[in-house]
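Structure assessment
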Amino acid sequence: MGHLQEIGKASIVTLGVLAYAALPGGAIPFGSNKVYRVGQDVIISAPAGTKVDVGLGSRVRNKAQVAGSCGEVKITLPKNLPATVQVGTKTLTIANLPTQSLPSCKNGQFAEARTADFKTPEGKVVAVGFTPSQSVAVGIPTPTTRKVSINACGFGTIKGASGSITVNGQDYNVAQLPDAGAAPACRKGTAYTPSSWSR
């Protein structure tokens, strides 16, 4: 079993990890990496006692919307504009939609023909071709974010992360992050790193 040593103290305790005293406002990187992983848990190194904004990708929020009398479904998009929106079985890429005005509808027909989905100058997405007055499922990807609290030793953990995450505006693929093999520990404000880190 390895040894744990606290720098600045004369005692050596057998715990299987190498220890050092946590410095106020310090951080615990893995080598030069401030974002790393242990299996599927992501560890973020940052100043102690702070909070770090982490983006965890998008979650699709579904709602039912009733098609208008011309079979159109009008969608108001959130401020954080998603790349796509799901309307019924169609996935619309917003950047690829033409910009057109929404014509008036009379007797089930638009005053001007609209045979393809489009977006209005005001920013609404209009999907066409549905049955008038029919309920249509609309799915809008919404960014999921959380604030990760950094402990007194200078690191915070996201359990069971996957896919892509964003930390302070920087994108990371969880699977491609360096794997530290074992996580640091924080006990009563003192940080402990695995002995394997020093090999």
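Sequence order as written defines the numbering, with residues in each chain counted from 1. In keeping with the model being predicted, local features are shown solely for residues with a pLDDT of at least 70 and side-chain atom pairs are shown and tallied solely at 80 or more, while totals for entire chains, interfaces and linings include all residues. Side-chain measures were taken over the full set of non-hydrogen atoms in the model, leaving aside hydrogen atoms and water.

1. Thoughts on the confidence of the model for the chain
A score from 0 to 100, pLDDT tells how confident the predictor is in each residue. Summarising the model, the chain shows a mean pLDDT of 85, and 86% of its residues fall at 70 or more. Contacts are assigned to residue pairs with any non-hydrogen atoms lying within 4.5 Å of each other. Of the regions scoring below 50 in pLDDT, residues 1–17 engages in 33 contacts with residues more than four places distant in sequence or in other chains. In the model, residues 19–24 has pLDDT below 50 throughout and makes 19 contacts with residues more than four positions away in sequence or in other chains.

2. What about the pairing of strand 16 (residues 164–167)?
The buried label goes to any residue with under 20% of its type's maximum accessible area, the exposed label to any with over 50%, and the partly exposed label to all in between, with areas taken from a 1.4 Å probe on protein chains only. A run of H or I in DSSP counts as a helix once it spans at least four residues, and a run of E counts as a strand once it spans at least two, with each numbered from the N terminus. Burial of strand 16 is one-sided: the residues I165 and V167 facing one way are buried, the residues S164 and T166 facing the other way are not. DSSP bridges decide pairing: two strands pair if at least two such bridges lie between them. Where strand 6 (residues 51–66) and strand 16 come together, two bridges link them in antiparallel fashion. Bridge pairing in strand 16 places G55 opposite T166. Bridge analysis of strand 16 against strand 17 (residues 170–173) gives four bridges, and the strand direction is antiparallel. Bridge pairing links S164 to N173 in strand 17.

3. Structural notes on the side chain of R37
Within the fold, R37 resides in strand 4 (residues 35–38). Within 3.5 Å is the distance limit for a polar contact, defined as a pair of N or O atoms, with the added protein rule that one can donate a hydrogen and the other accept it, and that residues adjacent in sequence qualify only through two side-chain atoms. In this structure the side chain of R37 is engaged in a polar contact, spanning 3.0 Å, whose partner is the backbone oxygen of G39. A polar atom in the side chain of R37 sits 3.0 Å from the backbone oxygen of L177. When near neighbours in sequence (up to four residues on either side) are disregarded, R37 contacts V42, I43, V174, A175, L177, P178, D179, A180 and G181.

4. Let's talk about the pattern of salt bridges
For salt bridges, the criterion is a side-chain nitrogen of Lys or Arg within 4 Å of an Asp or Glu carboxyl oxygen. Inspection of every chain in the model, using the stated rule, returns five salt bridges. With a shortest N-O distance of 3.3 Å, R37 and D179 are connected by a salt bridge. Placement of the pair is R37 in strand 4 and D179 in the loop between strand 17 and strand 18 (185–187), with a sequence separation of 142 residues. We classify R37 as buried; its relative accessible area is 15%. Since its relative accessible area comes to 37%, D179 is described here as partly exposed. Its salt-bridge partner being K159, residue D41 comes within 3.5 Å of it at the nearest N-O pair. Taken together, the residues D41 in strand 5 (residues 41–45) and K159 in the loop between strand 15 (155–158) and strand 16 connect sequence positions 118 residues apart.

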